[in-house]
Amino acid sequence: IIGVLSVAGIAGYTKAMEAYRINKLRDQIVMIIQNLATAVENGHDAIQLANTDVIDALQILPPEMGSARNCHHALGGRCLVVSRGSVNNKYGITLRLQDLPPKACVEIAISDIISIKSPEGGIYINSTNRQEVDVSTCVNEDGTKTCKSARGARTPAQAAKECSGKLNAIVYAFDSRF
């Protein structure tokens, strides 16, 4: 009986810690986006904000994530803040969260953590490009290049399909208008 209770207790603790870390990751994402938006409002552009020294000086990343050169999110995976190439003559910023287990990927993908207001921005799951998403190459069914299908939170079914890898990546892409 003691062994069964011990196993159940450990399983419960593990599940609670996983939920805690996913919630912590949500908090980290929101803080980074708010800090980037504040920096843009204060006159910094996307090219400046892709500089690791500027990211650290402006404290864009929460302290527990480390420095811009060695950033890790709450689940232990790497994170990157990089400049995105010109889209309609505007540069953007990309936040990439790597090494997300499927459950965490789904939880983040279905939550409406932020609203992407920038017309050239979007949320991408498991993009093939390691560091940035060039939305100018993303063409929707109607021929537009704004990646509307990639914007916003996913349904649970969409998220489960997109987050099917052993480790996944979520990319938040913004133009200069947060």
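As a further point, take the overall build of the protein chain. Across its full length, the protein chain carries five helices and six strands. Secondary structure elements of the protein chain, listed N to C terminal, follow the sequence α-α-α-β-β-β-β-α-β-α-β. By the burial criterion, 40% of the 178 residues in the protein chain qualify as buried. For the protein chain, contacts bridging at least 24 residues in sequence account for 72% of all contacts bridging at least 6.

This part covers the environment of Ile60. In this structure, Ile60 sits in the loop between helix H3 (52–57) and strand S1 (66–67). We classify Ile60 as buried; its relative accessible area is 0%. Discounting residues that sit within four places of it in the chain, Ile60 has contacts with Met31, Ile32, Asn35, Leu36, Ala39, Leu49 and Ile55.

Bringing the state of the cysteines into the picture now. Taken as a whole and judged by the stated rule, the model has two disulfides. Paired through a disulfide, Cys71 and Cys79 show a sulfur-sulfur distance of 1.7 Å. The sign of the -75 degrees torsion about the S-S bond sets the Cys71-Cys79 disulfide as left-handed. A relative accessible area of 1% means that Cys71 is categorised as buried. Residue classification places Cys79 among the buried positions, given a relative accessible area of 1%. Disulfide pairing places Cys105 opposite Cys163 at an S-S distance of 2.0 Å. Between Cys105 and Cys163, the disulfide has an S-S torsion of -60 degrees and is therefore left-handed. Within this pair, whereas Cys105 is found in helix H4 (residues 102–110), its partner Cys163 is found in the loop between helix H5 (156–162) and strand S6 (168–174), the two being separated by 58 residues in sequence.

The next subject is the confidence of the model for the protein chain. Should the pLDDT be low somewhere, the predicted coordinates at that spot are not to be read in detail. Across the protein chain, the average pLDDT comes to 76, with 71% of residues at 70 or higher. When the criterion is pLDDT under 50, residues 128–141 qualifies, and its contacts beyond four places in sequence or with other chains add up to 37 contacts. In the predicted structure, residues 144–149 sits below a pLDDT of 50 and forms 19 contacts with residues beyond four places in sequence or in another chain.

Among the structural elements, Ser111 can be located in the loop between H4 and strand S5 (122–125). Taking the relative accessible area as the measure of exposure, Ser111 reaches 18% and is therefore buried. There is a polar contact of 3.0 Å between the side chain of Ser111 and the backbone oxygen of Ile108.

Now for the nonpolar core. By size, the foremost hydrophobic cluster in this structure holds 35 residues, and its most contacted members are Ile29, Leu61, Leu95, Leu97, Ile108, Ile170 and Tyr172. Mapped by element, the contributors of at least two residues to this core are helix H1 (2–41), helix H2 (46–49), strand S3 (79–87), strand S4 (90–100), H4, S5 and S6. Ranked by the residues each element gives to this core, the list is headed by H1, at seven residues. For Leu97, the contacting residues outside a window of four places in its chain are Leu25, Ile29, His73, Arg78, Cys79, Asn168, Ala169, Ile170 and Tyr172.

Cut-offs used in this document
- Residues numbered from 1 in each chain as written.
- Predicted model: local features only at pLDDT ≥ 70, side-chain atom pairs only at ≥ 80, totals over all residues.
- Heavy atoms only, no water.
- Helix = DSSP H or I, 4+ residues; strand = E, 2+ residues; numbered from the N terminus.
- Buried < 20%, exposed > 50% of the residue type's maximum accessible area, 1.4 Å probe, protein only.
- Contact = heavy atoms within 4.5 Å.
- Disulfide = S-S within 2.5 Å.
- pLDDT = per-residue confidence, 0-100.
- Polar contact = N/O pair within 3.5 Å; in protein donor to acceptor, adjacent residues only side chain to side chain.
- Core = buried A, V, L, I, M, F, W, Y, C linked by side-chain atoms within 4.5 Å.

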